[in-house]
Amino acid sequence: MKKLPTREPSVQGSSAKGPSKGLSVKKLSTTALSKALGLSAKALFAQLLELQLIQKAGDDWVLTAVGIEKGGDYKVSKRFGKYIVWPENIELQADVSVQKTSVYSTVIRKGAAKVAESVETFTSKPEALGFREKFKAEHRSADGHFVRSKAEMLIDNWLYMAEIAHAYERKLPIEETVYSDFYIPAGKVYIEYWGYKNNSKYLARKQTKLSLYEKYGFNLIELNDKDVQNLDDVLPRWLLKYGVQAY
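Here the residue numbering is sequential within each chain, running from 1 through the sequence in written order. Only residues with pLDDT of 70 or above have their local features reported here, since the model is predicted, and side-chain atom pairs are shown and tallied only from 80 upward, although totals for entire chains, interfaces and linings are computed over all residues. Working from all heavy atoms in the structure, the side-chain values ignore hydrogens and water.

Asker: Looking at this structure, how should I read the overall build of the chain?
Answerer: Only DSSP runs of H or I covering at least 4 residues are called helices, and only runs of E covering at least 2 are called strands; the numbering of each starts at the N terminus. Within the chain, the regular secondary structure consists of nine helices and twelve strands. When burial is assessed residue by residue, the chain has 44% of its 247 residues classed as buried. Contacts between residues were defined by any pair of non-hydrogen atoms, one from each residue, lying within 4.5 Å. Look at the contacts in the chain between residues 6 or more apart in sequence, and 47% of them connect residues 24 or more apart. Surface exposure of the chain reaches about 13800 Å², of which carbon and sulfur atoms provide 50%. For each residue, the accessible area found with a 1.4 Å probe, counting protein chains only, is set against the maximum for its type, and the residue is called buried under 20%, exposed over 50%, and partly exposed in between. Per-residue and other accessible areas were derived by the Shrake-Rupley procedure at a 1.4 Å probe size, with only the shown protein chains allowed to occlude residues.

This is how it looks when you write it as structure tokens:
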């Protein structure tokens, strides 16, 4: 199987059974789908990885069982070889709101605007909302992320200087509405910084999140204040455990 090319053709006129049973939908290449969703190809690729729709197999990217269930398929052309295609109405649960509709552009832009205006919490309880309102994302890191504490800024800056692609406050791909502090697509690694030891509400939220990480078997790196003071020693070792090379 050849590597997926950087630029892929859209599959015009191709249709197959998608996530909606009984409906025939057009299949698009990853590049064509990213344009239809109003996302960069890199952003869409990161979402496909996070949702575990694709995985690395040797030098190639292939569909996972979840990706196939979502309607992913393969096409072959003389010019591009074998590449992955997706139903145009595929549902992606990530930073933006993608609804089950073919009218994507408007939905994506509105969803992105909503996320920019308000950061959701992993629970609807008023005390959790109050916690996030109290600690607003006002610290700007070197890569432009606005984070909620100086410690998170140090972590973000370290990842940026180590040239490790990462997201801040990325929603976990699960039914529960939970946001990680950081997410690294390479290795599918989540990072949580635990900064408050004497706050009962914070500790309760911490235990809830930890139980969900364990429930779904996600790769997790936990950092405390002592770790933040020694990121050069701590993070490379933990990241390597999950196959992520720093520097």
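That was the structure; now back to the text.
Asker: Would you explain the packing of aromatic side chains in this entry?
Answerer: One pair of aromatic rings is described through two measures. These are the centre distance and the angle between the planes. Only rings of Phe, Tyr and Trp enter the pairing, Trp through its six-membered ring, and a pair is recorded when the two centres are within 6.5 Å. The plane angle decides the type: under 30 degrees is stacked, over 60 is edge-to-face, the rest tilted. Under the defined criterion, the tally for this structure stands at seven aromatic pairs. Ring centres of Y183 and Y190 lie 4.7 Å apart, and the angle between their planes is 40°; this geometry places the pair in the tilted category. A relative accessible area of 1% means that Y183 is categorised as buried. We classify Y190 as buried; its relative accessible area is 2%. Pairwise contacts between aromatic rings join Y183, Y190, Y213, Y216 and F218 into one cluster. Working rule: Lys NZ or Arg CZ, within 6 Å of ring centre, within 35 degrees of ring normal, means a charge sits over the ring. Across from the ring centre of Y74, 4.6 Å away, lies the NZ or CZ of K82, which sits over that ring.

Asker: What should I look at first to understand the sheet that holds strand β11 (residues 189-193) in this one?
Answerer: Backbone hydrogen bonds hold the strands of a sheet together, and the pairing may be parallel or antiparallel. On the basis of which strands lie adjacent, the open sheet formed by four strands has the order β9-β10-β11-β12 and mixed pairing. Strands with a single pairing partner mark the edges of an open sheet, and in this sheet they are β9 (167-168) and β12 (219-223). Pairing of β11 with β12 involves five bridges; the strand directions are parallel. Along β12, the bridge assignment pairs Y190 with L220. Helix α9 (residues 231-241) contacts β10 (182-184), β11 and β12 of the sheet and is inclined by roughly 165° relative to β12. At least two DSSP bridges between two strands are needed for those strands to be called paired. A fitted line through C-alpha atoms represents every axis, and for helices the fit uses only the stretch in contact; the resulting angles, taken between N-to-C directions, go from 0 to 180 degrees.

Asker: Where do I start with the nonpolar core in this structure?
Answerer: General note: in soluble globular proteins, nonpolar side chains tend to be found buried as a group. Among the buried residues, those of types Ala, Val, Leu, Ile, Met, Phe, Trp, Tyr and Cys that are joined through side-chain atoms within 4.5 Å form a nonpolar core. Among the nonpolar cores identified, the biggest contains 23 residues, and W158, L159, I164 and L235 are the most heavily contacted of them. In terms of nonpolar packing, the next biggest core, distinct from the first, is built from 16 residues, A32, L37, I84 and W86 among them.

Asker: I would appreciate a short explanation of the pairing of strand β4 (residues 60-63) in the present structure.
Answerer: The side chains of a regular strand alternate between both faces of the sheet. Bridging between strand β3 (residues 54-57) and β4 involves four bridges; their strand directions are antiparallel. Opposite A57, over in β4, you have D60 as the bridge partner.

Asker: Hey, could you run me through helix α1 (residues 30-37) in this one?
Answerer: An α-helical turn contains 3.6 residues, so any two residues separated by three or four positions project in the same direction. Counted residue by residue, α1 has six buried out of eight residues, so it is predominantly covered. Looking one or two places after α1, you find G38, whose phi comes out positive at around 75°.

Asker: Any chance you could explain the packing of helix α6 (residues 150-161) against α9 here in plain terms?
Answerer: Two quantities define a packed helix pair, namely the angle between the axes and the distance from one axis to the other. It is the contact of α6 with α9, at a shortest axis distance of 11 Å, that shows an interaxial angle of 65°. The chirality of how α6 crosses α9 is right-handed. Residue-level contacts link L154, I155, W158 and L159 of α6 to L231, D232, L235, P236 and L239 of α9. Among the residues forming the contact of α6 with α9, the class breakdown is eight nonpolar, no polar and one charged. We call a crossing left-handed when the near helix sits turned anticlockwise from the far one by less than a right angle, and right-handed when that turn is clockwise. Ten residue types, Ala, Val, Leu, Ile, Met, Phe, Trp, Tyr, Cys and Pro, are classed as nonpolar, four, Asp, Glu, Lys and Arg, as charged, and the remainder, Gly among them, as polar.

Asker: Would you explain the confidence of the model for the chain in this entry?
Answerer: The pLDDT averaged across the chain works out to 75; a share of 73% of its residues lies at or above 70. For every residue, the predictor assigns a confidence score, pLDDT, that lies between 0 and 100. Per-element averaging of pLDDT across the chain places helix α4 (residues 104-117) at the bottom with 34 and β12 at the top with 96. Low pLDDT (under 50) marks residues 1-21, which in the prediction has 64 contacts with non-local residues, meaning those over four places away or in another chain. In this model residues 94-129 is a low-confidence stretch, pLDDT under 50, and it forms 54 contacts with partners more than four residues away in sequence or in other chains.

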